[in-house]
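A closer look at the structure
Spelled out, the chains give:
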2 protein chains.
Amino acid sequence: MGSSAREEARIADALCKAVLERRLAPGSKLPEEELAQIFRSNRAKIRRVLLSLSRSHIVTLEPGRGAFVSRPSPQEARDVLASRRLIEVSLLAQPYRKLSAQGAARLRHIMAQEAEAHEKHDAIAMIYLSGQFHLTLIEELGNRVLKSITDELILRMSLIITMYERQNTTCCLSSDHHDLLELLLADNHTEASALMARHLEGIESCLDFNREPATTTILSQILKC
Amino acid sequence: MGSSAREEARIADALCKAVLERRLAPGSKLPEEELAQIFRSNRAKIRRVLLSLSRSHIVTLEPGRGAFVSRPSPQEARDVLASRRLIEVSLLAQPYRKLSAQGAARLRHIMAQEAEAHEKHDAIAMIYLSGQFHLTLIEELGNRVLKSITDELILRMSLIITMYERQNTTCCLSSDHHDLLELLLADNHTEASALMARHLEGIESCLDFNREPATTTILSQILKC
DNA sequence: TCAACCCGGATTGTTTACAATATGAATACC
DNA sequence: GGTATTCATATTGTAAACAATCCGGGTTGA
């Protein structure tokens, strides 16, 4: 039965979600046995999941020591940010295809959820939805390969933001998302692209690469099936 | 000891090189036991390598049936091509940093090897070196993250070209590489970007997505340590 | 003749036990 | 008192045996 692949995907998704929502801090140790208990699984499957996540740069495997949530270096952080900016800005400037009515509807739906999360001061949901907005945009204007690439980049950005975020700043203005959609519907690619560039630069300006905080949280009931 | 990671990297590299040089055809079965013998390894390590490669879309794992060299669908092929074009064309239009003298030297060195391979009618070397030229370009003008992304895209393109290449065509003109470097040294980003677009479109025009050939080769001494 | 069925061999998937390694505390030494 | 060393413990890494699954050939029966 191919249900084992399903189970591994479930575990990987749970870990990724925890990283995305910044519950799992960079540097956290991920003991195999403990994860196996948390997810009602066994070491072998956990091991495969960790190997997969290490290929996505979310987890770092240190031989003989175990798995840890990755701690991207300042250089890696800069590279990830620049890469994401290149992809998203370029795609908006010259979309692979036009935004369909259905695509616009999907984006509006996400924006509505964003507004709701904002209302409820649900920071975790806002982070998640903001990522979903960008991913949907890429899927609609681009293709699935670009989407999966950006998917990974967004995950890595979550680690980066957790590590290097300056205090007293609020990243990723959701108001930009609204303006972005308006510009796209008006076929104003030049302005949309410029706005996306400003939007992503805004996130970068909230980062401070000088300090390297040792934010190593212990995973306990952070991870719930 | 961390030598096991080394060994797995060696095996993965050998498999990737075989795919890149188009010795390993899409659809080929990759039996664990056979690979373990070829690489003087054991099933467990082969298994981990295959899992890693499946994350890179080079290998497809079919539960209960085993590992196969991936057969990208026409849709996936189009998406990979479009993604690579987006990245490389955009990067040339607005390079992340200027081409250094050292970078130019590296590119010239690869071009010299390309000319040599062309002289010797070494098609395999030419394919490999062409990829290296593009990767070096991205590393010099962009960053390592973009490089590793493109690394995977080029591998996937190898599979795509093997599957869908039209007969009687010669892909990837190495003369373009020369012109590209000249334009970059002259800081003519607009023309360089345009040339790259034509260059990649040239490769795409050699493809025919209508036919789906069942090019399943048996791996025997194709893979040599 | 053809289709469905069944079974033996081969390959993959999983579990288990065991070996190797790193960690941290206690101890000995300077 | 501080530093180095040693040993017990916990965790990771590996190998091998076992179970499950898939594939192809052969048989049976309409």
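Below is a short write-up of the structure. (Residues numbered from 1 in each chain as written. Chains lettered and ligands numbered in written order. Predicted model: local features only at pLDDT ≥ 70, side-chain atom pairs only at ≥ 80, totals over all residues. Heavy atoms only, no water.)

1. Digging into the relation of the copies chain B and chain A
The two chain copies are related to each other by a rotation about an axis together with a translation along it. When chain B is brought onto chain A, the operation consists of a screw motion whose angular component is 180° and whose axial shift is 0.0 Å, with 0.0 Å RMSD remaining. Expressed as an axis order, the relation between the two copies is that of a two-fold axis. Looking at chain B, 100% of its interface residues are interface residues in chain A too, so the copies touch through the same face. (Least-squares fit on C-alpha atoms with pLDDT ≥ 70 in both. Contact = heavy atoms within 4.5 Å.)

2. Brief notes about the protein's contact with DNA strand D
By nearness alone, 15 residues border DNA strand D, and R43(A), R47(A), G64(A), N42(B) and R65(B) come closest of all. At the protein interface, 76% of the atoms of DNA strand D within 4 Å belong to sugar or phosphate. (Near = heavy atom within 4 Å.)

3. Comments concerning the protein's contact with DNA strand C
By nearness alone, 16 residues border DNA strand C, and S4(A), N42(A), R65(A), R43(B) and R47(B) come closest of all. Counting only the atoms of DNA strand C that lie within 4 Å of the protein, the sugar and phosphate share comes to 74%. The contact in question runs from a phosphate oxygen of DNA strand C to an N or O atom on the backbone of E32(B), over 3.4 Å. Within the side chain of R47(B), a nitrogen or oxygen atom sits 2.7 Å from a phosphate oxygen of DNA strand C. Taken together, the elements giving at least two residues each to the surface near DNA strand C come down to α3 (43-55) of chain A together with α3 (43-55) of chain B. For the surface near DNA strand C, the residue count by class is four nonpolar, five polar and seven charged. (Polar contact = N/O pair within 3.5 Å; in protein donor to acceptor, adjacent residues only side chain to side chain. Helix = DSSP H or I, 4+ residues; strand = E, 2+ residues; numbered from the N terminus. Nonpolar A, V, L, I, M, F, W, Y, C, P; charged D, E, K, R; others polar.)

4. Let's talk about the side chain of S90(B)
You can see S90(B) is positioned in helix α4 (residues 74-93). Of the residues examined, S90(B) reaches a relative accessible area of 14% and is grouped as buried. At a separation of 2.6 Å, a polar atom in the side chain of S90(B) contacts the main-chain carbonyl oxygen of L86(B). Apart from the residues within four sequence positions on either side, S90(B) is in contact with L86(A), S90(A) and R85(B). (Buried < 20%, exposed > 50% of the residue type's maximum accessible area, 1.4 Å probe, protein only.)

5. Considerations on empty space enclosed by the protein
Residue and element names in this part refer to chain A. Across all of its chains, the model carries four cavities of 30 Å³ or more by this definition. When its volume is computed, the largest cavity comes out at roughly 40 Å³. Around the largest cavity sit E88, L91, L92, L137, I138, L141 and M196, which together line it. At the level of elements, α4 (74-93) and α6 (123-141) are the ones that each hand at least two residues to the lining of the largest cavity. Its residues placed into classes, the lining of the largest cavity shows six nonpolar, no polar and one charged. (1 Å grid on protein atoms, 1.4 Å probe; cavity = no way out; pocket = protein on both sides within 12 Å on 5 of 7 lines; lining within 4 Å. Points joined across faces, edges and corners; volume = space filled by probe spheres on them.)

6. Overview of the pattern of salt bridges
All told, the structure shown has 34 salt bridges over all chains when counted by the stated rule. For E32(B), the salt bridge is made with R43(B), and the minimal N-O distance between the two is 2.9 Å. Linking E32(B) in helix α2 (residues 32-38) with R43(B) in helix α3, this pair joins segments that are eleven residues apart in sequence. Using a relative accessible area of 43% as the deciding quantity, one classes R43(B) as partly exposed. In this structure, K147(B) and E139(B) form a salt bridge, with 3.4 Å as the shortest nitrogen-oxygen distance. Overall, the relative accessible area of 25% leaves K147(B) in the partly exposed class. On the basis of relative accessibility, which here comes to 17%, the residue E139(B) falls in the buried class. Through salt bridges that share partners, R106(A), E139(A), E140(A) and K147(A) make up one connected network. (Salt bridge = Lys/Arg side-chain N within 4 Å of Asp/Glu carboxyl O.)

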